[in-house]
Amino acid sequence: MKSFSRSANHIGIDMGSSQTRIFSENRLLLDERTVVAVDSKTNEMVGFGTDAIIRYHSNPQRIRLEWPIRNGVMVDYYYTKGILTYFLKKVLKQALARPEIVLSISSGLSSVARHALIDAVMHAGAQKAFLLPVAAAAALGQGIRLDTPDVVLSMNIGQDVTDCGMFSCGGVIAQEQVVFGGRTINEGIQAYMRESLQIIIGMDEAESIKQDMVSVVENGLDMTFAVHGRRVVDGVSVVMQMTSSRMYPIIQMYLEPVAELAERIIRQASPDMAEDLLKHGLLLTGGTARLSGLDKWLANRLGIPVRVPEHAEISAVMGCSRTLDEYKKIPDLIESGEKYYGRN
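Below, the structure is looked at part by part. (Residues numbered from 1 in each chain as written. Predicted model: local features only at pLDDT ≥ 70, side-chain atom pairs only at ≥ 80, totals over all residues. Heavy atoms only, no water.)

1. Considering the sheet that holds strand β4 (residues 36-39)
- Ordered by their spatial adjacency, three strands build an open sheet running β5-β4-β6, and the pairing between neighbours is antiparallel. Pairing within the sheet leaves two strands with one partner each, and these edge strands are β5 (45-48) and β6 (63-66). Ignoring which end each strand starts from, the neighbouring axes of this sheet average 30° apart.
- Where helix α1 (residues 50-58) meets the sheet, it contacts β4, β5 and β6, and its direction lies at approximately 120° from that of β5.
- The sheet strands contacting helix α2 (residues 77-92) are β4, β5 and β6, and the helix crosses β5 at an angle near 55°. (Pairing = 2+ DSSP bridges. Helix = DSSP H or I, 4+ residues; strand = E, 2+ residues; numbered from the N terminus. Axes fitted to C-alpha atoms, helices over the stretch in contact; angles between N-to-C directions. Contact = heavy atoms within 4.5 Å.)

Structure, rendered in structure tokens:
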């Protein structure tokens, strides 16, 4: 891997299906939606991130929203390049040097998808670009060293994709992703309300229930909460009552892919790695990591400690902005865009 130039700006980017975050010099420079506002008549891009949402709500008949990242994969090169160009200009402002960028990526991203992402970043204004698995980035963001013989188990739950990796001596022991995230839980809550209460609720209502009313395990508080929606039979707006205890098995059912993913990764550890796993456990990051009771449920299921750190939702982007010396110690984890782009 080529060394980083000390004269260039070095920034980390975590570009997910829902949010794009940019971090540099111990500061979160940007946290906006990964969305583009497009003029339906001209097909021109007219807004990005927060501005895109505002433009859409001001004229929904003329403006449509495009989400160019789905399930951790770039599905539209043109819109992705537009977002990156806009966001980089916004955070760098009058910077003279083109930045060196480290992006977090899902472990299952194909070489074709990696090439396209690198190309979009380079055309957006990067001097050099590097790719780092999101689970590894999240561990680095918490100050965990990946170049030692200690075994590190890290899982990041995004909006659409969950990545889990086991690392040691600067390399990958095992890593895998599943298409599951916070949106999956929201959709599960919507489906349950439709089936049990015969009402249709929006994604915002489902998100509110997930964040404020739901727990993965029993916590001794059987709360009753109001659910706002529309009756299936006639579309009339109603408010129904639901108890949190009825949601335990539903949430656990939808979280099953997460537990199974962690179990598959752990099974690939050799017997002499067991002591590290029992000692250090699982690092759980991403916005969904803060789901009430998730850490306890996983710990009981896996038989190892589970830790949810402070700032779990930005651990990955923090890890993408670590010091240059740290990246030099993990050449097998960080991938240079030069492999795809030639002149990086």
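2. What to know about the pairing of β4
- On β4, burial covers both faces: Val 36 and Val 38 on one face and Ala 37 and Asp 39 on the other are all buried.
- Two strands pair when backbone bridges link them, and β4 and β6 are joined in this way by four bridges, in the antiparallel orientation. Counterpart to Ala 37 in the pairing with β6 is Leu 65. (Buried < 20%, exposed > 50% of the residue type's maximum accessible area, 1.4 Å probe, protein only.)

3. Concerning the nonpolar core
- Among the nonpolar cores identified, the biggest contains 48 residues, and Met 193, Leu 255 and Leu 298 are the most heavily contacted of them.
- It is helix α7 (residues 248-266) that contributes the most residues to this core, eight residues altogether.
- With sequence-adjacent residues up to four places away left out, Met 193 is seen in contact with Gln 198, Ile 199, Ile 201, Ile 209, Phe 225, Val 227, Met 242 and Met 247.
- Core analysis: the second largest hydrophobic core is formed by 31 residues, Val 38, Ile 101, Ala 113 and Ile 118 among them. (Core = buried A, V, L, I, M, F, W, Y, C linked by side-chain atoms within 4.5 Å.)

4. Topic: the pairing of strand β13 (residues 171-178)
- Bridging between strand β12 (residues 162-168) and β13 involves seven bridges; their strand directions are antiparallel. Among the inter-strand pairings, Met 166 is bridged to a residue of β13, identified as Ala 174.
- In textbook terms, the turn of a hairpin is the stretch between consecutive antiparallel strands, and for β12 and β13 this stretch comprises two residues, one of which, Cys 169, has a positive phi near 55°.

5. Some thoughts on helix α3 (residues 111-124)
- The end-to-end C-alpha separation of α3 is 20 Å, in line with the 20 Å expected for 14 residues at 1.5 Å each.
- Here α3 has its buried residues at Ala 113, Arg 114, Leu 117, Ile 118, Asp 119, Ala 120, Val 121, Met 122 and Ala 124.
- Positive phi shows up at Gly 125, right after α3, with a value of about 125°. (Expected span 1.5 Å × (residues − 1).)

6. Re the sheet that holds strand β18 (residues 306-307)
- Taken together, the five strands give an open sheet; going across it, the order is β13-β12-β11-β17-β18, and neighbouring strands pair in mixed fashion. Every interior strand has two partners, whereas the edge strands, β13 and β18, have only one.
- Note: strand β11 (residues 152-157) against strand β17 (residues 282-285), four bridges, orientation parallel. Paired with Ser 154 across the strands is Leu 283, a residue of β17.
- The sheet strands contacting α7 are β11, β12 and β13, and the helix crosses β13 at an angle near 160°.

That is the geometry; function is a separate question.
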